[in-house]
Amino acid sequence: MPAAGSAAGSGTAEWYRHFGTVDAPGSSPCYADWSLHVADDPGLIARIDEWPYNKRQPLLMLAAARFLGAQVSPYPEFRTFLDEHWDAVSRTVLSRATQTNEVGRCATLLPSLAAIAAAEGRPLALIEVGASAGLALFPDRYSYEYDDGSSVARLGPVPFGELPEPPVLRCRTAGPVPLPDSLPEVVWRAGIDLNPLDVRNPDDVAWLEALIWPEQEFRRERLRRAIAVAREDPPLLVAGDLNEQLPALAGQAPADAALVVFHSAVMGYLSADGRARFRTAMQALAQDRGCHWLSNEGETVIIQQDGSAVVPEMDPSRLRGNFLLLHNGGPVAITGPHGQSLDWL
Ligand SMILES: C[S@@+](CC[C@H](N)C(=O)[O-])C[C@H]1O[C@@H](n2cnc3c(N)ncnc32)[C@H](O)[C@@H]1O
């Protein structure tokens, strides 16, 4: 990602080139191809540079185009699509944000949530900060398959009535992952987001689907299933900044449940001050009501108690491209960014 305020044009082209060579290959050949062509297309880069800095990011522009109907195609067709729909692409980019709600991350959070419920001897009350549509607030309603390379452990909710088929979240494990025998009970769930997405709103659902990269049909399928589960009982989602909203929302959680505040892929959106404020709020919640804190974030924004950015004792190459899961500030696992792997420390 280029430095904010870099000279118009040059930084944006580099951003697309980086996305096309580092981020997209392996996940989306189509996005890799489109991004590299965009990087070499000065006319298009000049138009993208008319947007505010944080709106120029490749994933946002590509998702906006797909939201409006761009199909997987050779670049010249995509370029024609952009020319024909540029006003709508601009409007979508300016009004939307990258709010990918990756339900697969529940697989990497579940063992910690179950361990907290077991240690506390109480059901859970969950608050997710930066919740998007709140799909990660239903870890008790999804199915899981944990594969350690020699066997697969399966877990899931007890089938009940006419409930929708849950998504199956598949996760490779390594190390002594404390897999539970059953799903923890969740008695209350709520989230905070600057812009909560509504699983009952077709436009929001279409945007969530557009945020998934074109070739990743298995992620789209589990997203659809998770949305069907969430629609049965939509979560309480509060609009606003997580630092502003957290104390009051935590006050609403039932006192007899074990409160867990968690987040994934959110801290990168906060300034260093915002992250420090959040740490202080979490310390207060831990003291005042024994709240647990699960942080599942990328290597550059990992939160430690002293405020530094990486775990000093850990070889940084283990974290590259992965997330680190922390429980109350202590590292417990390296996780795949979409929940595809859980490497217990
Ligand atoms: C990449 S999405 C991740 C969503 C979800 N945590 C997940 O793992 O699927 C990041 C979310 O954080 C939200 N967000 C960013 N900054 C925030 C803030 N200061 N307060 C509340 N939400 C915020 C964004 O609106 C977005 O929905």
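Residues numbered from 1 in each chain as written. Predicted model: local features only at pLDDT ≥ 70, side-chain atom pairs only at ≥ 80, totals over all residues.

*Asks:* I'd like a description of the overall build of the chain, backed by residues and values.
*Replies:* Within the chain one finds 11 helices and 11 strands. Taken against the 2.2 N^0.38 rule, which gives 20 Å for 345 residues, the C-alpha radius of gyration of the chain at 20 Å falls within 12% of a compact globule. Taken along the three principal axes of its C-alpha coordinates, the chain extends 60 × 45 × 40 Å. Across the 345 residues that make up the chain, the buried fraction comes to 42%. (Helix = DSSP H or I, 4+ residues; strand = E, 2+ residues; numbered from the N terminus. Rg over C-alpha atoms; globule rule 2.2 N^0.38 Å. Buried ≥ 20, exposed ≤ 12 C-beta atoms within 10 Å, placed from the backbone.)

*Asks:* So what about the environment of S295? Which residues, and what values?
*Replies:* Following the sequence through the fold, S295 ends up in strand β8 (residues 292–298). Residues S295 and G43, 252 residues apart in the sequence, show an inter-C-alpha distance of 41 Å.

*Asks:* Mind laying out the packing of helix α4 (residues 58–67) against helix α5 (residues 75–95), listing which residues take part and the relevant values?
*Replies:* Contact geometry of α4 with α5 gives a least axis separation of 9 Å together with a crossing angle of 110°. Taken together, α4 and α5 sit at an angle that is classed as roughly perpendicular. As α4 packs across α5, the resulting crossing turns out to be right-handed. The residues of α5 that touch α4, namely those facing L60, M61, A64, A65 and F67, are F81, L82, V89, T92 and V93. (Axes fitted to C-alpha atoms, helices over the stretch in contact; angles between N-to-C directions. Parallel < 35°, antiparallel > 145°, perpendicular 65-115°, else oblique. Left-handed = near helix turned anticlockwise from the far one by under 90°. Contact = placed C-beta atoms within 7 Å.)

*Asks:* Can you explain the site of the ligand? Please cite residues and give values.
*Replies:* Taken together, 23 residues lie near the ligand, and Q99, G130, L242, S264 and Y269 sit nearest. Those elements giving two or more residues to the shell around the ligand turn out to be β5 (186–193) and β7 (258–264). Residue classes in the shell around the ligand are distributed as 10 nonpolar, 9 polar and 4 charged. (Near = placed C-beta within 6 Å. Nonpolar A, V, L, I, M, F, W, Y, C, P; charged D, E, K, R; others polar.)

*Asks:* Could you give me a rundown of the domain arrangement of the chain, with the residues and numbers involved?
*Replies:* Domain boundaries assigned for the chain yield domain 1 (10–95) and domain 2 (103–344). Computed from C-alpha coordinates alone, the two centres of domain 1 and domain 2 are separated by 29 Å. At the interface, 9 residues of domain 1 touch 8 residues of domain 2. Of all the secondary structure elements, the ones that give two or more residues to the side of domain 1 that touches domain 2 are α2 (29–39) and α4. (Domains from an automatic or database assignment.)

*Asks:* Explain the pairing of strand β11 (residues 341–344) to me, and be specific about the residues and the numbers.
*Replies:* In this structure, strand β4 (residues 168–174) lies alongside β11, joined through 3 bridges in parallel fashion. The residue of β11 that forms the bridge with R172 is S341. Two elements, strand β10 (residues 330–335) and β11, share 3 bridges in a ladder whose sense is antiparallel. Bridged to A333 within β11 is W344. (Pairing = 2+ DSSP bridges.)

*Asks:* Can you explain the packing of helix α9 (residues 242–252) against helix α10 (residues 272–289)? Please cite residues and give values.
*Replies:* Where α9 contacts α10, the two axes come as close as 10 Å, and the packing angle between them is 10°. Considering the angle they form, α9 stands roughly parallel to α10. Taken together, the residues of α10 that come into contact with α9 (itself represented by L242, N243, L246, P247 and A250) are G274, R277, F278, A281 and L285. Of the residues belonging to the contact of α9 with α10, the class tally is 7 nonpolar, 2 polar and 1 charged.

*Asks:* An account of the nonpolar core is requested, with residue identities and associated values reported.
*Replies:* Ranked by internal contacts, the top residues of the largest apolar core, which has 91 residues, are V260 and V261. When residues of this core are sorted by domain, at least three fall in each of domain 1 (10–95) and domain 2 (103–344). Aside from chain neighbours lying at most four places away, what touches V261 is I127, V129, M282, L285, C291 and W293. (Core = buried A, V, L, I, M, F, W, Y, C linked by C-beta atoms within 7 Å.)

*Asks:* Please set out the sheet that holds β11 residue by residue, giving values where relevant.
*Replies:* The strands that make up a sheet pair up through hydrogen bonds in the backbone, lying either parallel or antiparallel. On the basis of which strands lie adjacent, the open sheet formed by 11 strands has the order β3-β2-β4-β11-β10-β9-β8-β7-β1-β5-β6 and mixed pairing. Strands with a single pairing partner mark the edges of an open sheet, and in this sheet they are β3 (152–155) and β6 (236–239). Each strand axis lies, on average, 20° off the axis of its neighbour in the sheet, ignoring direction. This element, α9, spans β1 (124–129), β5, β6 and β7 of the sheet and lies at about 155° to β5.

*Asks:* Mind laying out the confidence of the model for the chain, listing which residues take part and the relevant values?
*Replies:* Averaged over all residues, the pLDDT of the chain is 92; the fraction at 70 or higher stands at 93%. With pLDDT under 50 throughout, residues 1–9 is counted as low confidence; its partners more than four residues away or in other chains account for 11 contacts. (pLDDT = per-residue confidence, 0-100.)

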